[in-house]
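# What the coordinates show
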Amino acid sequence: MLFKTIILAALISVATGCAGFRSNQQPFVAPELLQLSNTTKVVVSFNWKAVQNIDRPLAGTYAKVKDYNEIFEKELVNSGCCIIASKGQQPDLVINGIVDLDKNTQTFLEGLVRIPAQFTFAIIPAWYNTYYDLSMTASHVNGKNVSYKLNDHFLTVQWLPLSVLFVIGMDPIKLESKIIENIHRNFIYRLKRNGVLVK
């Protein structure tokens with residue numbers, strides 16, 4: 001029983017003894033900036049996929065491609081511009097997005113540096129960066145084609161005293177969702193500004 005209690009306490013310490021710090025490389029885009037009152041909605045087909053060319057393990061945890069697709073769909077629909085193409089429906093706009101994971105790979109030595117933090121329940125600190133390198137191409141049936149590349153990152157520090165920051169909202173997992181959400185909004189804002197989100 002005592003052993004289980006110690007293990008549980010260790011897991012809680014490691015899980016909460018970390019905080020994320022955003023670099024804010026992309027400007028914050030409020031949902032209101034995306035609003036379009038299209039009487040005829042643009043039918044959109046889109047797909048995000050992950051690409052990793054370097055054969056090394058990833059550092060830390062990352063949102064799945066499914067998360068990128070779900071967040072993008074939510075922001076696109078909430079803008080009022082579009083509807084998502086159903087199966088067999090001809091889209092007006094085809095969007096292909098790529099999430100490049102290469103910067104998030106780690107060497108053996110980089111992974112080794114983080115081991116003491118895990119064995120000391122985050123008393124010894126460790127840190128790593130999470131990078132978001134996203135690119136998008138959009139092709140409209142009217143012949144207009146655009147492409148964009150955006151990036152951002154945040155620093156995760158694993159250290160027991162940072163459990164206070166975790167509690168007040170600097171949870172790396174929540175920060176990750178906010179960063180992906182804001183990058184997608186930046187993409188949609190550019191599509192709007194370039195006149196792509198119209199019939």
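First, a word on scope: everything that follows refers to the structure included in this document. (Residues numbered from 1 in each chain as written. Predicted model: local features only at pLDDT ≥ 70, side-chain atom pairs only at ≥ 80, totals over all residues. Heavy atoms only, no water.)

### Focus on the nonpolar core
Condition: Working definition of a nonpolar core: buried Ala, Val, Leu, Ile, Met, Phe, Trp, Tyr and Cys residues. They are joined through side-chain atoms within 4.5 Å. The cut-offs for exposure are 20% and 50% of the maximum accessible area for each residue type, with area from a 1.4 Å probe on protein chains only; residues under the lower value are buried, those over the upper are exposed, and the others partly exposed. The numbering of helices and of strands both runs from the N terminus, where a helix is a DSSP run of H or I of at least 4 residues and a strand a run of E of at least 2. Any two residues whose heavy atoms approach within 4.5 Å are treated as being in contact.
If you look at the biggest cluster of nonpolar residues, it comprises 32 residues, and the most contacted ones within it are Trp48, Ile95 and Leu191. Secondary-structure elements contributing two or more residues to this core are β2 (42-51), α2 (65-78), β4 (93-100), β5 (126-140), β6 (145-158) and α6 (172-193). If you tally residues by element for this core, the top one is α6, at 6 residues. Trp48 has contacts with Val65, Tyr68, Asn69, Phe72, Gly97, Ile98, Val99, Leu134, Ser135, Met136, His184 and Phe187, leaving out every residue within four places of it along the chain.

### As for the packing of aromatic side chains
Stated precisely, the cut-off is as follows: Planes of paired rings set the category: under 30 degrees apart is stacked, over 60 is edge-to-face and the rest tilted, where pairs are Phe, Tyr or Trp rings (Trp by its six-membered ring) whose centres lie within 6.5 Å.
Applying the stated criterion across every chain yields a total of 5 aromatic pairs. Judged by centre distance (5.8 Å) and plane angle (70°), the ring pair of Trp48 and Phe72 falls under edge-to-face. Within this pair, whereas Trp48 is found in strand β2, its partner Phe72 is found in helix α2, the two being separated by 24 residues in sequence. Between Trp48 and Phe187 the ring centres are 5.7 Å apart and the planes differ by 45°, which places this aromatic pair in the tilted class.

### Quick notes on the state of the cysteines
Note the threshold: We call a pair of cysteine sulfur atoms a disulfide whenever their separation is within 2.5 Å.
The final tally for this structure, using the stated rule, is 1 disulfide. One disulfide in the model links Cys81 with Cys82; its S-S distance is 2.2 Å. Measuring the twist about the S-S bond at about -95°, one finds the Cys81-Cys82 disulfide to be left-handed. Classification of Cys81 by relative accessible area gives buried; the value is 0%. Residue classification places Cys82 among the buried residues on the basis of a relative accessible area of 4%.

### Description of the pattern of salt bridges
Side-chain pairs of opposite charge can arise where the charged atoms are in close proximity. Applied cut-off: Here, a salt bridge means any Lys or Arg side-chain nitrogen found within 4 Å of an Asp or Glu carboxyl oxygen.
Applying the stated criterion across every chain, the model contains 6 salt bridges. Two residues, Glu75 and Arg185, come together in a salt bridge whose shortest N-O distance is 3.0 Å. Of the two residues, Glu75 sits in helix α2 while Arg185 sits in helix α6, which places them 110 residues apart along the sequence. In this structure, Glu75 and Arg185 share a single accessibility class: buried. Note that Glu181 and Arg185 form a salt bridge whose closest N and O atoms lie 3.4 Å from each other.

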